[in-house]
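Per-entry structural report
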Amino acid sequence: VQLVESGGGSVQAGASLRLSCVVSGRTFNTAAIGWFRQAPGKEREFLATATWSFVKPVYSDSAKGRFTISGDNGRNTVFLQMTKLGPGDTASYYCAAGTTPSRIRNGTPNHWGRGTQVTVSS
């Protein structure tokens, strides 16, 4: 299983950005996918998770209302649409896959991507 993120970059405050993650080699332990981020000097933070149907996504309080998880099941790709970005959103963003959304929500997914950097300037 391999997860490869893309779409990060440097943007101004207030901008929107969409991250992508391609999941190759999907198996039973990639039934759920999600996103995390980690800012310098801080712990990795859960953002969002869902199954590949994206019917009942789960968001952290920091992501709710500004971030949206979605995906293209046929292309094995999951997205994170981020809006109204601010300097506090500067971090490395990681895609994760696991057996259940709960496992991802608890910070113990089966697989991690290598991350993509997002930098937001004021």
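Let me begin by describing the structure that accompanies this report. (Residues numbered from 1 in each chain as written. Predicted model: local features only at pLDDT ≥ 70, side-chain atom pairs only at ≥ 80, totals over all residues. Heavy atoms only, no water.)

**Here we look at the overall build of the chain**
Tallying secondary structure elements over the chain gives one helix and 11 strands in all. Each helix and strand of the chain, ordered N terminal to C terminal, gives the series β-β-β-β-β-β-β-β-β-α-β-β. Since a compact globule built from 122 residues should have a radius of gyration of about 14 Å, the 13 Å found for the chain is in line with a globular shape. Dimensions of the chain along its principal axes, counting C-alpha atoms only, are 40 × 25 × 25 Å. (Helix = DSSP H or I, 4+ residues; strand = E, 2+ residues; numbered from the N terminus. Rg over C-alpha atoms; globule rule 2.2 N^0.38 Å.)

**Here's the deal with the nonpolar core**
Counting 28 residues, the largest nonpolar core has Trp 35, Met 82 and Tyr 93 as its most contacted members. Those elements giving two or more residues to this core turn out to be strand E3 (17-24), strand E4 (32-38), strand E5 (45-51), strand E7 (67-72), strand E8 (77-82), strand E9 (91-98) and strand E11 (116-121). Setting aside residues no more than four positions away along its own chain, Met 82 makes contact with Ala 15, Ser 16, Leu 17, Leu 19, Arg 66, Phe 67, Tyr 93 and Val 118. Counting residues in hydrophobic clusters, the runner-up holds five residues, among them Ala 32, Phe 46, Ala 96 and Ile 104. (Core = buried A, V, L, I, M, F, W, Y, C linked by side-chain atoms within 4.5 Å. Buried < 20%, exposed > 50% of the residue type's maximum accessible area, 1.4 Å probe, protein only. Contact = heavy atoms within 4.5 Å.)

**A closer look at the environment of Ser 60**
Positionally, Ser 60 belongs in the loop between strand E6 (58-59) and E7. A residue is classified by how much of its surface remains accessible, and Ser 60, at 9% relative accessible area, is buried. Distance in space between the C-alpha atoms of Ser 60 and Arg 105 is 8.8 Å, their sequence separation being 45 residues. Not counting the four nearest positions on each side in its chain, Ser 60 is found in contact with Phe 46 and Leu 47. At a separation of 3.3 Å, a polar atom in the side chain of Ser 60 contacts the main-chain carbonyl oxygen of Phe 46. (Polar contact = N/O pair within 3.5 Å; in protein donor to acceptor, adjacent residues only side chain to side chain.)

**Focus on the pattern of salt bridges**
Taken as a whole and assessed by the stated rule, the structure comprises five salt bridges. The partner of Asp 72 in a salt bridge is Arg 75, and the shortest N-O contact between them spans 3.7 Å. Judged by its relative accessible area of 64%, Arg 75 falls in the exposed class. Among the charged side chains, a salt-bridge network with shared partners connects Arg 37, Glu 45, Arg 66 and Asp 89. (Salt bridge = Lys/Arg side-chain N within 4 Å of Asp/Glu carboxyl O.)

**Remarks on the pairing of strand E1 (residues 2-6)**
Side chains of E1 alternate between two faces, with Leu 3 and Glu 5 buried and Gln 2, Val 4 and Ser 6 left unburied. With five bridges joining them, E1 and E3 adopt antiparallel strand pairing. Each bridged residue has a counterpart across the sheet, and for Glu 5 the counterpart in E3 is Cys 21. (Pairing = 2+ DSSP bridges.)

**Let's talk about the pairing of E9**
When you tally the buried positions in E9, you get eight out of eight residues, the bulk of the element. Pairing geometry for E4 and E9, over seven bridges, is antiparallel. Of the residues in E9, the one forming a bridge with Gln 38 is Ser 92. Inspection of the sheet shows E9 paired to strand E10 (residues 111-112) by two bridges, in the antiparallel sense. Each bridged residue has a counterpart across the sheet, and for Ala 97 the counterpart in E10 is His 111.

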